[in-house]
Amino acid sequence: MISTDNLTMKYGETTVLDKLNLTIKPGELYCLLGANGAGKTTTINLLLGFIKPSSGSAIINGLVVAENVHKSKKNLAYIPENLMLYPNLTAVENLDYFSGIGGKSFKRQELEAFLEEAGLQADAFHNRISTFSKGMRQKVGIALALAKNASVLLLDEPTSGLDPKASNEFGILLQKLRSNGVAILMATHDLFRAKEIATHIGIMKNGQLKQEFVASEITLSDLENAYLSTMGFKEMAV
Amino acid sequence: MYKYNFAYEFKSLFRNGWIQLLTILLFALFWFAFSNGHEKVAKRQADIQAAFDEVKESDQVMLKLLDSVENGLSVSASPWTIPSRPMAVGNYHPRVAAMDPGQLAYIATGQSDLFSHNVKPTTSGDDAALNFTEIINPVQQLFGSFDPSFVIIYLLPLIIIAFTYNVLSAEKESGTIRLLASQPISIHSWVLQKMAIRLFWVTLLLTLILVLVLFLTNTAGNLMELLPIWGICIAYSLFWFALSFAINLWVGSSSKNAISLIGLWLLFVLLIPSVMNQMGSTLYPMPSRTLMVNKLRTIKAEATEKQDEILDNFLRDHPEYAINDPNQGRSFYHRYMASQQLVREELRPVVMEFEDQLQKQQAWISQLKWASPSIMVQQELNALSGTSTKDYENFRKQATGFANVWREHLLPFLYNNEPFSSADYENLPAFKYQPLESKGTSKTIVILMVMGILVIGIGYLRGFGLQQKNNLIIQ
């Protein structure tokens, strides 16, 4: 489970995240929408323990992240916008390395099974990452989440730059993880993908969570209007 | 984590060609340096051998002449050079005082090409004018030729810097740091492991290359003797790896890391030794050699004017040489040798001033050598190779001592007006160089390792501090 309790981050006088309260239960996929600088990546950085909150707390599976930096990452997987892996290692090797340093050891067949489950084609398993497209690298990231048996998945604009087919495939994979009980938080600009895969959607602006929706209770058009009006583009809303 | 880091770090380094490049580079550098070192030692040995051959040849001529003289035959040689005259033996048939190269001389040849490794002291020659190159400052001796010590002290740190400057920054710049940091690991421990693994590879390669080069240069017999050098090499490498670890955590970007590490290299390898050299010369300036030579000439001129008086005084001090037979006169050499004794005594304070200043400089450098691991390592390698300032000073003292022994052996013949015969040939003194006892390298190795561990500690504290502030990734 992912939750934040009045999570606030300030850089000097500038508040980049203002008393954020979020709860994402197992089996939920929460999409955070917002323009650049809205506070989406800061939220993810705080949940990962990359930065320390000014006040409030980020909580992963009941553990306050700032106090349990390593423990909170045991069952957490993270896929950034551009998942960078070691270019000289193959997909299997990268998966083995990252799951290994995280404390999980697997046989080669098991690693291949994770990659297969993540939708990577078998003939790419033993190719070096330097030959992979972004979509293929994101699939290795999903395989890592599977290998770690992650109960929490944090994604920071994972579909930006993916072609529609790859983006769609990625969405299907996330749905699969969600249905397996993983709590997923995804920061994205992609309203269409958010409406399609999310269970909950939040719109952020200037570090504040302005609106929240249950995805099944809102149409794409209403979501678009809500987003545009939140961003201050009322004249563009239909 | 270590098992995975170990396995994949090697794969990664091998696949991007680092291991191959490192192997070729280290092998080429050490092979060239070892060959160069051996060549210098071979030249030194050849020079010494040539000097001995020359003496052997000269001795054969001497023995032939003695044989002719003893059999009453006339010899076609200047009376001054006929070896039945003890001073002719002392001046024209001197022995060689040679500083034989040690077993490991090829490791650190230092400025051995500038120093004399063999001299031939004569009875009437000046000890102060023996052909020793002036030993002015011990640090000057630290800058040598392309020998193994040059590779270890100057080039190995640069290779280590190139190998490690971006261990953390490359992860930040390529973006893999975010995925790494999302794992339940501490990044500074991860960096430390990466450094330890790279140190392991450098150690392994150094060991293999040293053994291989030893076989290729036919010095494999010295394998055990090389153990202290290997130890110093590894401890010195540890220090540079530790510095790189600390810089990786303290600084940030690859370019800044590289500049910082090159700056530290300049500081430890060039700047501190140069400053110490300069300060040593300023604090303990060597007396002018020109003044010493001028003084020598003045004393000699004065002594020449008063040779009769000097001889009388000398004989008063040495009654064993006084003869009461008025038919036996005193030649030029009687007066000259007596005056030489006086010249030596008068010059002693000037020579002592040189030695005193040299010792002060050495003591000063020894006290401050801890400021630079490079100086520590160079001093240690020079000491192991028998090419340190102390070794040359030891040889100079022994050779000067031998000059005295040579003179004292022949003086009784002169003052007792006894001819030198072929029977006396066997009793001529010979020089045997006694190298300094090695003090062992364990102290330097331990100090280098402690320094390395301290630097690691500083780096680790920085990493721990950044982790507490949760900004190791965002830094």
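Residues numbered from 1 in each chain as written. Chains lettered and ligands numbered in written order. Predicted model: local features only at pLDDT ≥ 70, side-chain atom pairs only at ≥ 80, totals over all residues. Heavy atoms only, no water.

Further remarks concern the overall build of chain A. What chain A contains, in helices and strands, is seven helices and ten strands. Over its C-alpha atoms chain A spans a radius of gyration of 18 Å, differing by no more than 12% from the 18 Å that the globule rule assigns to 238 residues. Seen along its three principal axes, the alpha-carbon backbone of chain A occupies a region of about 50 × 40 × 30 Å. Residues classed as buried in chain A amount to 56% of the 238 residues present. Residue pairs in contact within chain A that sit at least 24 positions apart in sequence constitute 67% of those at least 6 positions apart. For chain A, the exposed surface amounts to about 9,900 Å²; the carbon and sulfur share of it is 49%. One finds the centroid of the 24 positive side-chain charges in chain A at a distance of 5 Å from the centroid of its 24 negative side-chain charges. (Helix = DSSP H or I, 4+ residues; strand = E, 2+ residues; numbered from the N terminus. Rg over C-alpha atoms; globule rule 2.2 N^0.38 Å. Buried < 20%, exposed > 50% of the residue type's maximum accessible area, 1.4 Å probe, protein only. Contact = heavy atoms within 4.5 Å. Areas by Shrake-Rupley, 256 points an atom, 1.4 Å probe, with all protein chains shown as cover. Lys, Arg positive; Asp, Glu negative; His and termini not counted. Charge placed at Lys NZ, Arg CZ, Asp CG, Glu CD.)

Across its full length, chain B holds 16 helices and two strands. Across the 475 residues that make up chain B, the buried fraction comes to 52%. Within chain B, contacts between residues at least 6 apart in sequence are counted, and of these 84% link residues at least 24 apart. Summed over its atoms, the accessible surface of chain B is roughly 21,600 Å², and 61% of this surface lies on carbon and sulfur atoms.

Another aspect to go through is the sheet that holds strand β6 (residues 76-79) of chain A. All names here are of chain A. Read across the sheet, six strands follow the order β6-β7-β8-β3-β9-β10 without closing on themselves; strand pairing throughout is mixed. Every other strand in the sheet has two partners, leaving β6 and β10 (208-214) as the edge strands with one partner each. Strand-to-strand twist of the sheet, defined as the mean angle between neighbouring strand axes without regard to direction, takes the value 15°. Bridging between strand β9 (residues 200-205) and β10 involves six bridges; their strand directions are antiparallel. Across the sheet, residue Gly 202 finds its bridge partner in β10, namely Glu 212. Running at roughly 175° to β6, helix α4 (residues 134-147) makes contact with β6 and β7 (152-156) of the sheet. (Pairing = 2+ DSSP bridges. Axes fitted to C-alpha atoms, helices over the stretch in contact; angles between N-to-C directions.)

In this assembly, 30 residues from chain B lie in contact with 32 residues from chain A. Counting the contacts that link chain B with chain A gives two salt bridges. The residue A:Glu93 makes a salt bridge to B:Lys11 at a minimum N-O spacing of 3.2 Å. On inspection of chain B and its partner chain A, the count reaches twelve residue pairs in polar contact (both at pLDDT 80 or more). If you list the elements that add at least two residues to the side of chain B that touches chain A, you get α1 (2-15), α5 (169-174), α6 (176-181) and α16 (442-468) of chain B. Here the side of chain B that touches chain A is composed, by residue class, of eleven nonpolar, 13 polar and six charged. (Salt bridge = Lys/Arg side-chain N within 4 Å of Asp/Glu carboxyl O. Polar contact = N/O pair within 3.5 Å; in protein donor to acceptor, adjacent residues only side chain to side chain. Nonpolar A, V, L, I, M, F, W, Y, C, P; charged D, E, K, R; others polar.)

Throughout the structure, instances matching the rule amount to 14 salt bridges over all chains. A salt bridge links A:Lys40 to A:Glu157; its shortest N-O distance comes to 4.0 Å. Here A:Lys40 is found in helix α1 (residues 40-48), whereas its partner A:Glu157 is found in the loop between β7 and α5 (164-179), with 117 residues between them in sequence. Note on accessibility: A:Lys40 and A:Glu157 belong to one class, buried. B:Arg396 is paired through a salt bridge with B:Glu393; the nearest N and O atoms lie 2.9 Å apart. On the criterion of helical spacing, the pair formed by B:Arg396 and B:Glu393 is a turn pair, its members being three residues apart in helix α14 (residues 389-415). Owing to a relative accessible area of 9%, B:Glu393 belongs among the buried residues under this scheme. One connected set of salt bridges, linked through shared partners, spans B:Glu9, B:Glu171, B:Lys194 and B:Arg198.

With that out of the way, let us pick up the environment of A:Ile197. Residue and element names in this part refer to chain A. Along the chain, Ile 197 turns up in helix α6 (residues 191-197). Taking the relative accessible area as the measure of exposure, Ile 197 reaches 4% and is therefore buried. The spacing of Ile 197 and Lys 148 is 49 residues in sequence and 22 Å in space, taken between C-alpha atoms.

So, on to the UniProt feature "domain: ABC transporter" (unreviewed entry) in chain A. With numbering aligned to this structure, UniProt lists the feature "domain: ABC transporter" (unreviewed entry) at residues 2-231 of chain A. Across residues 2-231 of chain A, the secondary structure splits into 34% helix and 27% strand, with the terminal C-alpha atoms separated by 26 Å. (UniProt positions renumbered as here; feature names shortened; annotations may be inferred.)

Our focus in this paragraph is the sheet that holds strand β5 (residues 63-64) of chain A. Residues and elements named next belong to chain A. The antiparallel open sheet is built from four strands, whose spatial order is β2-β1-β4-β5. A single partner strand is all that each edge strand has here, and the edge strands are β2 (14-24) and β5. Alignment of strand β1 (residues 2-11) against β2, held across seven bridges, turns out to be antiparallel. Bridging from a neighbouring strand, Met 9 pairs with Leu 17 of β2. Where α1 meets the sheet, it contacts β1, β2 and β4 (55-60), and its direction lies at approximately 110° from that of β1.

Let us now look at the nonpolar core. Counting residues in each nonpolar core, the largest one holds 166 residues, and the members touching the most others are A:Ile142, A:Leu153, A:Leu154, A:Leu174, A:Leu185, B:Phe30 and B:Trp240. Summarising the domain contributions, this core has at least three residues from each of domain 1 (2-75 + 151-236) and domain 2 (83-149) of chain A. Leaving out residues up to four positions away in the same chain, B:Phe30 has contacts with B:Pro148, B:Val151, B:Ile152, B:Leu206, B:Ile209, B:Leu210 and B:Val213. B:Leu311, B:Phe354, B:Phe395 and B:Trp406 belong to the second largest nonpolar core, which has 40 residues in total. (Core = buried A, V, L, I, M, F, W, Y, C linked by side-chain atoms within 4.5 Å. Domains from an automatic or database assignment.)

Attention shifts here to α4(A). All names here are of chain A. The first and last C-alpha atoms of α4 sit 20 Å apart over 14 residues, in line with the 20 Å expected at 1.5 Å per residue. The buried fraction of α4 is high, at 13 of 14 residues. Just beyond α4, the residue with positive phi is Asn 149, at close to 55°. (Expected span 1.5 Å × (residues − 1).)

Bringing the domain arrangement of chain A into the picture now. Residues and elements named next belong to chain A. One can read the domain layout of chain A as domain 1 (2-75 + 151-236) and domain 2 (83-149). For domain 1 and domain 2, the distance between their C-alpha centroids amounts to 25 Å. Contact with domain 1, which involves 16 residues of that partner, is made by 13 residues of domain 2. Together, the buried faces of domain 1 and domain 2 total about 1,100 Å²; carbon and sulfur atoms form 58% of this surface. In this structure, the connection of domain 1 to domain 2 is made through one salt bridge. Salt-bridge contacts for Lys 139 lead to Glu 169; the nearest nitrogen and oxygen are separated by 2.6 Å. Sorting elements by how many residues they give to the side of domain 1 that touches domain 2 places α5 first, with six residues. Residue composition of the side of domain 1 that touches domain 2, grouped by class: seven nonpolar, four polar and five charged. (Buried area = accessible area lost by both parts, 1.4 Å probe.)

Taking 1.5 Å per residue as the helical rise, α14(B) with its 27 residues ought to reach 39 Å, and the 38 Å between its terminal C-alpha atoms agrees with that figure. Immediately downstream of α14(B), the backbone of B:Asn417 shows phi near 50°, a positive value.

Residues and elements named next belong to chain B. The geometry of helix α12 (residues 332-368) relative to α14 is characterised by a closest axis approach of 13 Å and an angle of 165° between their N-to-C directions. The orientation of α12 with respect to α14, classified from their angle, is roughly antiparallel. Crossing angle aside, the handedness with which α12 passes α14 is left-handed. Facing Tyr 333, His 334, Met 337, Ala 338, Arg 344, Glu 355, Leu 358, Gln 359 and Gln 362 of α12, the residues of α14 in contact are Thr 389, Lys 390, Glu 393, Arg 396, Lys 397, Arg 407, Leu 411, Leu 414 and Tyr 415. Of the residues assigned to the contact of α12 with α14, the class counts are seven nonpolar, four polar and seven charged. (Parallel < 35°, antiparallel > 145°, perpendicular 65-115°, else oblique. Left-handed = near helix turned anticlockwise from the far one by under 90°.)

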